[in-house]
Amino acid sequence: MKYTCEKGENSTVKITVTLTEKEWNEAQDRAYEKNKSKFSVPGFRKGHVPKAVILSQYGEAAFYEDGVNEAFVKHYYDIIEKEKDIQPIDRPDVSIDELTDKKLKFTAVVPVKPDVKLGAYKGIKIEKIEYNVKDEDIENEVNRLLNQHATEEAVEGRPAKDGDITVIDYSGAIDGVKFDGGTAEKQNLTLGSKMFIPGFEEQVVGMNIGETKDINVKFPDDYGAEELKGKDAVFTVTLHEIKEKKLPALTDEFVKEKVGKDSVDEYKASIKERLEKANTERAERETEDKIIKTVTDSSETEIPEILIENEIDNMVQQVSYRLMYQGLQFADYLKYTGQTEEEYRAGLRESATDHVKTQLVIDKILNEEKIVADEDEIDAKIAEQAEQAKKNIREYKRGLSDQQLAYIENGIVIEKLFKFLKENNEIV
């Protein structure tokens, strides 16, 4: 077999393959073995007709089509295995250049991973990202704990005010006609929570227990139910109860019982430490993202349509999985949001394109800098995970799938990449 590889247009490689007479006959022999059971010739049992007899009955070209397929499968993938620089991203477009009983020549135009002209990725200046813990951040965490352990006390003798927990009946109508989902009894509603449509909760404020009142509201133009978007509605509301949330006192005894800290000061110090750690990790992630975005924006590459479509497929699949865990089907989600699948996919196109370009840039840097994960690093990471899982290292490693091992290796590579980028650029 002889072959040539030639760079084509639009991120393609043209592979031209020429088989010798012997190789072409071998491909047809394989086609004969696979298909001989399909031929019936008088005087022979089905599946036992000699190849020469079939050719005499059906012509010399009887096994050409299947022979071409056999030849392609064998020789194309041998070439791809040998030529490491060729990285196919889709099936090739195959054409036959010459076909006789003694020779086969075909061309495969292969869509390949595009090359990237990298922008500067070393010696650039990146603005430092910092998040500082404020007193109000700590107080918000404290209030969250107090609210978790708050009690509710009935209120009498005053109208409802913002922050109260009310118990109401309501019945909504549009042009005097009730609509689905617009009626409920003994519904809890915290005033100011913005759980209901705009204007509803504000009009419950000031009502007294036992009072019934008509509330006029307008559904938002982007409301989930198509039949209610932008419509004026009247809700008849009856207020049954008013309850007030009572927060516990923040004392040493309280925090010792609820969070295991000896004092309020110790508890607040632990909050600050946790928030500082979270802020540091967030700043690190955003700094890494900023470096990659800066490099990606200054880099140039073709982005084949197949890569964009594949990325959109992945994004849709991830959304479908998340919805499934929530008990929803993707088709139902589309119906609820008033979109077709084509419209939804179109909305993902820009972010999918950005993600593909970013990944191409990352792969190029990894290749340029020869950043890889060696066996020792992989084994160390596996040992770390085994220890966390409280399992024997050997048993834990045996239980890992190829996909899980690839995930571990990729994680190490990306970690080394960002370390390299932060060491070779200036954070100012």
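Each remark here, short or long, concerns the structure printed above.
Presented here is a report on the structure given in the accompanying data block. (Residues numbered from 1 in each chain as written. Predicted model: local features only at pLDDT ≥ 70, side-chain atom pairs only at ≥ 80, totals over all residues. Heavy atoms only, no water.)

For the structure on display, the rule yields 36 salt bridges. A salt bridge links Glu 141 to Arg 274, with the nearest nitrogen and oxygen atoms 3.1 Å apart. Here Glu 141 is found in helix α4 (residues 135-148), whereas its partner Arg 274 is found in helix α7 (residues 264-297), with 133 residues between them in sequence. Owing to a relative accessible area of 44%, Arg 274 belongs among the partly exposed residues under this scheme. Between Arg 158 and Glu 244 there is a salt bridge, with the nearest N and O atoms lying 3.1 Å from each other. One end of the pair, Arg 158, is in the loop between β7 (151-154) and β8 (165-174); the other, Glu 244, is in strand β11 (residues 232-246), and 86 residues separate them in sequence. Through salt bridges with shared partners, a single ionic network connects Arg 158, Lys 161, Asp 164, Glu 244 and Lys 246. (Salt bridge = Lys/Arg side-chain N within 4 Å of Asp/Glu carboxyl O. Helix = DSSP H or I, 4+ residues; strand = E, 2+ residues; numbered from the N terminus. Buried < 20%, exposed > 50% of the residue type's maximum accessible area, 1.4 Å probe, protein only.)

Another point: the side chain of Ser 299. One can find Ser 299 in the loop between α7 and β12 (300-301). A polar contact of 2.7 Å, which involves the side chain of Ser 299, links it to the backbone oxygen of Val 295. In contact with Ser 299, other than residues within four places in its own chain, are Val 116, Lys 117, Leu 118, Gly 119, Lys 357 and Val 361. (Polar contact = N/O pair within 3.5 Å; in protein donor to acceptor, adjacent residues only side chain to side chain. Contact = heavy atoms within 4.5 Å.)

The next subject is helix α2 (residues 51-58). Among the residues of α2, those classed as buried are Lys 51, Val 53, Ile 54 and Leu 55. Against α1 (21-35) lie the buried residues of α2. Just beyond α2, the residue with positive phi is Gly 59, at close to 100 degrees.

To continue, consider a negative patch on the surface. Residues Asp 252, Glu 253, Asp 262, Asp 265 and Glu 266 make up a contiguous surface patch of negative charge. Sorting the residues of the negative patch by element identifies α6 (252-259) and α7 as the ones contributing at least two each. The residue Glu 253 is located in helix α6 in this model. (Patch = residues over 30% accessible without salt bridge, like charges linked within 9 Å, V, L, I, M, F, W, Y side chains within 5 Å. Areas by Shrake-Rupley, 256 points an atom, 1.4 Å probe, with all protein chains shown as cover. Lys, Arg positive; Asp, Glu negative; His and termini not counted. Charge placed at Lys NZ, Arg CZ, Asp CG, Glu CD.)

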